[in-house]
Amino acid sequence: MRTVPRSVREEARRLREEIEEHNRLYYDEAAPAISDDEFDRLLERLIALEREHPEIRTPDSPTLRVGGAPSDKFETVVHSVPMLSLDNTYSPEELVEFDARTRKLLRAESLDYAVEFKLDGVAVALSYRESVLARGATRGDGSAGDDITANLRTLRSIPLRLRGDPVDLEVRGEVYLRFTDLEKMNERQEEIGGRSFANPRNAAAGSLKLLDPAEVAKRPLRFLAYQIVSPLALGVRTQLEAIETLRAFGFARTEGASLCRGIDAVVRRCEEMSEERHRLPYGTDGVVVKVNDLSLHVRLGATSKSPRWGIAYKFPAEKKTTVIRRIVLQVGRTGAVTPVAEVDPVRLAGTVVRRATLHNEEEIRRLDARVGDRVWIEKSGEIIPRILGVEPGERKGDEEPFRFPDACPVCGEPLERAEGEVVVRCENPSCPAQVRRRIVHYASRDAMDIEGLGIKVVEQLADSGLLAEIPDLYRLQKEALVPLERFGEKSAENLLRAIEESKSRPLDRFLFAVGIRHVGRTTARAIALRFQTIEKTMRAGEDELAAVGDVGPVVARSALHFFESAKGRLLVEDLLAAGVRPAPVEGPAKETSALRGKKIVLTGTLASLTREEARERIEAAGGKAVASVSAKTDLVVAGDSPGSKKTKAEALGVRVIGEKEFLSMLEEK
Ligand SMILES: [Zn+2]
């Protein structure tokens, strides 16, 4: 078995925590501390580490949220033809270079290209047998993805049966959302206490990973087809013909697709499209440029990462100017205070922007942003817009430098500036803004998952005097709820039932929900797996805590501090007295199994297990049974009369084991 260097495990753990913390700042406190690009870099680094060492991937790694690797919640589908993604270019010069490279390979004077908008969504593959939708899968890691057929069937823009004569076909395309649908969906999420999504791509990816197709059906997802796999077999000879053929099969129409003769025409068309995109009802982040003649695709082939017959031209991030009307301070769950600029509404990347983050006091000073200033704002897809800079030439002269208040705008207590930190905090634990955010966090989907308890409802209950602290949730009475606006018999009952159900949530959710500093979902799970009950967790010493995988000394001290503080101890005791009984966390065997995270191929006949049983045992141990051997395979289990898979594994240097060793690895903890 390959061993993972300690330094790698350590780095992955640190990255997971950092990413979770930034996620939390972004989602729970609307107070991102780093830029979008910086966040992406952290995530990319973690994805790279996990790809190299699959065994370090934890079941709740933040990388699973972005839909990189196939998850273990769904069956794995091995793609007949790998789903590669196109290389990106960012300038007309790079397009010209791509054209030169391609023409050289083909010894061609000039090439015709098909250009299409690149949708900002999630790529999926659909297989049709005899024209009937048989299977739908995510891209996953390109060679294998998740079988999400049941979820994809709920999309109305995916034909369940193709028009025309029966045909076997694989189609690839993008699942996406329209901007207006995303806004509506986020409103609904907020009402039911769910998490809202930053952009259409996140929303599409998150929805497709839901385990309940009935819930997916409520999401306004759409599908646009852009590729036929093996088109020549159907007599389809060009990409533009493919688009027409897909339309004839019953797929939605592709907007803006056109034929360009020569690369100069492509460059001109890309410029036009970067204007046209603003009129589209959905998000696009570029143009896909493909050699139009599909027989040339076969000749050009692909590198290990991307096809040689196409390229994506990415639009530059959109920037606009607007005027700051007000600078307000937001107080988050932990008391962190974030300045936010309210600006004149401006349309940017398809959505109307009314607010932009100023991050912190230092950032305001660096920009010298003042109320009344004309400023440049940018939205790069992921994060709420930020202010890039001020147009000082447009000042009238009466704009005052912004003075950061000394008192919390909500509770009036003095704000604290910790040494060496840019974040300013309200340290008053009973500050109403913090309390309300804490309750929302407690009830959020990743924490105690109390449906119906979003920020609006929490504000309403707090304003009515029914809710001052988290434990008050368990003292709510139906008679008090029914008369409230927007409540009735039914919604009062639903809310109380959801609260009642939260009493038995697993310990890891509870530890995350109570809001211990530095304890994200990953860490909470590790602690819960080790100690199993809240009583044992509270009795654990610093050394015991620090010895838990995924928990470092900083986290251990923070957890200890929480349980020793009057505030933390009282909160937990109050909740237990109210009837909350965190359940032990299931699945410790899965955590420590020797097969966890491994891609395993079975070949030949095993004496003690059927193929299906062996597969189930592998998956139960956290491994993944895959169909074919590649360089990415970790292990091949060879039974009696193994086939070519064993030979191939040996040729690739993949480890081959027999039945006996396999069984002992299944037992290993
Ligand atoms: Zn305050």
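Quick notes on the rules
Residues numbered from 1 in each chain as written. Predicted model: local features only at pLDDT ≥ 70, side-chain atom pairs only at ≥ 80, totals over all residues. Heavy atoms only, no water. Phe/Tyr/Trp six-rings, centres within 6.5 Å; stacked < 30°, edge-to-face > 60°. Axes fitted to C-alpha atoms, helices over the stretch in contact; angles between N-to-C directions. Helix = DSSP H or I, 4+ residues; strand = E, 2+ residues; numbered from the N terminus. Parallel < 35°, antiparallel > 145°, perpendicular 65-115°, else oblique. Left-handed = near helix turned anticlockwise from the far one by under 90°. Contact = heavy atoms within 4.5 Å. Domains from an automatic or database assignment. Buried area = accessible area lost by both parts, 1.4 Å probe. Salt bridge = Lys/Arg side-chain N within 4 Å of Asp/Glu carboxyl O. Polar contact = N/O pair within 3.5 Å; in protein donor to acceptor, adjacent residues only side chain to side chain. Nonpolar A, V, L, I, M, F, W, Y, C, P; charged D, E, K, R; others polar. Pairing = 2+ DSSP bridges. Core = buried A, V, L, I, M, F, W, Y, C linked by side-chain atoms within 4.5 Å. Buried < 20%, exposed > 50% of the residue type's maximum accessible area, 1.4 Å probe, protein only. Donors = N, O, S within 2.8 Å, 3.2 Å for Na, K, Ca; no water. Tetrahedral: all angles 85-135°; square planar, octahedral: opposite > 155°, others 65-115°.

### A word on the packing of aromatic side chains
With the rule as written, the count across this model stands at 7 aromatic pairs. Here Tyr 313 and Phe 315 contribute two aromatic rings whose centre-to-centre distance is 6.3 Å and whose plane-to-plane angle is 90°, an arrangement assigned as edge-to-face.

### Describing the packing of helix α12 (residues 432-443) against helix α13 (residues 455-463)
Between α12 and α13, whose axes approach to 10 Å, the crossing angle comes to 130°. As judged from the angle between their axes, α12 and α13 are oblique. Classified by chirality, the crossing of α13 by α12 is right-handed. Packed against α12, whose contacting residues are Arg 436, Arg 437, Ile 439 and Val 440, the element α13 presents Ile 455, Val 458, Glu 459, Ala 462 and Asp 463 at the interface.

### Quick look at the domain arrangement of the protein
Split by domain assignment, the protein resolves into domain 1 (6-66), domain 2 (77-314), domain 3 (318-425), domain 4 (432-577) and domain 5 (590-667). Computed over C-alpha atoms, the centres of domain 3 and domain 4 are 31 Å apart. Taken together, the contact pairs 9 residues of domain 3 with 8 residues of domain 4. When residues of domain 3 are sorted by the area they lose upon contact with domain 4, Val 331, Arg 333 and Val 410 head the list and together hold 70% of the total. For the interface between domain 3 and domain 4, the tally reads 0 salt bridges. Counting across the domain 3 and domain 4 interface gives 0 residue pairs in polar contact (both at pLDDT 80 or more). Split into classes, the residues belonging to the side of domain 3 that touches domain 4 amount to 3 nonpolar, 3 polar and 3 charged.

### Overview of the sheet that holds strand β5 (residues 132-138)
Across a sheet, paired strands are connected by hydrogen bonds in the backbone, their directions being either parallel or antiparallel. In spatial order, the strands read β5-β4-β7-β8; together these 4 strands make up an open sheet with antiparallel pairing. Looking at which strands have only one partner, the edges of the open sheet turn out to be β5 and β8 (222-229). Along the sheet, successive strands turn relative to each other by an average axial angle of 30°, direction set aside. Bridge count for strand β7 (residues 169-176) against β8 is 7 bridges, and the pairing is antiparallel. Paired with Tyr 176 across the two strands is Arg 222, which belongs to β8. Of the strands in this sheet, β4 (122-129) and β7 are in contact with helix α6 (residues 200-208), which crosses β4 at around 45°.

### Concerning the nonpolar core
Formed by 58 residues in total, the largest nonpolar core has its most connected members in Tyr 442, Ile 450, Leu 453, Leu 461, Leu 473 and Phe 510. Elements with a contribution of two residues or more to this core: α12, α13, α15 (489-501), α16 (507-513), α17 (521-531), α18 (534-539), α20 (553-564) and α21 (566-577). Within the second largest apolar cluster, 35 residues are counted, among which are Val 122, Leu 152, Leu 182 and Leu 221.

### Remarks on the sheet that holds strand β20 (residues 624-626)
Taken together, 4 strands build an open sheet; the order of strands is β20-β19-β21-β22 and the sheet is parallel. The open sheet has two edge strands with one neighbour each: β20 and β22 (655-657). In this sheet, neighbouring strand axes are inclined to one another by 35° on average, regardless of whether the strands run parallel or antiparallel. The pairing of strand β19 (residues 599-603) with β20 spans 3 bridges and is parallel. Note on β20: the bridge partner recorded for Ile 600 is Ala 625. Across the face of the sheet, helix α24 (residues 644-652) comes into contact with β19, β21 (635-638) and β22 while running at roughly 140° to β19. Across the sheet, helix α25 (residues 659-667) lies against β21 and β22, angled at about 95° from β22, the strand it touches most.

### Considerations on the coordination of the zinc ion
Looking at the zinc ion, the protein donor atoms are Cys 408 (SG), Cys 411 (SG), Cys 426 (SG) and Cys 431 (SG), and they sit 2.3 to 2.4 Å from it. Every donor counted, the 4 donor atoms about the zinc ion form angles of 98 to 115° at the centre, which fits tetrahedral coordination. Read in sequence order, the donor residues for the zinc ion give the motif C-x2-C-x14-C-x4-C. Of this pair, Cys 408 sits in the loop between β16 (386-390) and β17 (415-417) while Cys 426 sits in strand β18 (residues 424-426), placing them 18 residues apart in sequence. By relative accessible area, which is 4% here, Cys 408 ends up buried.

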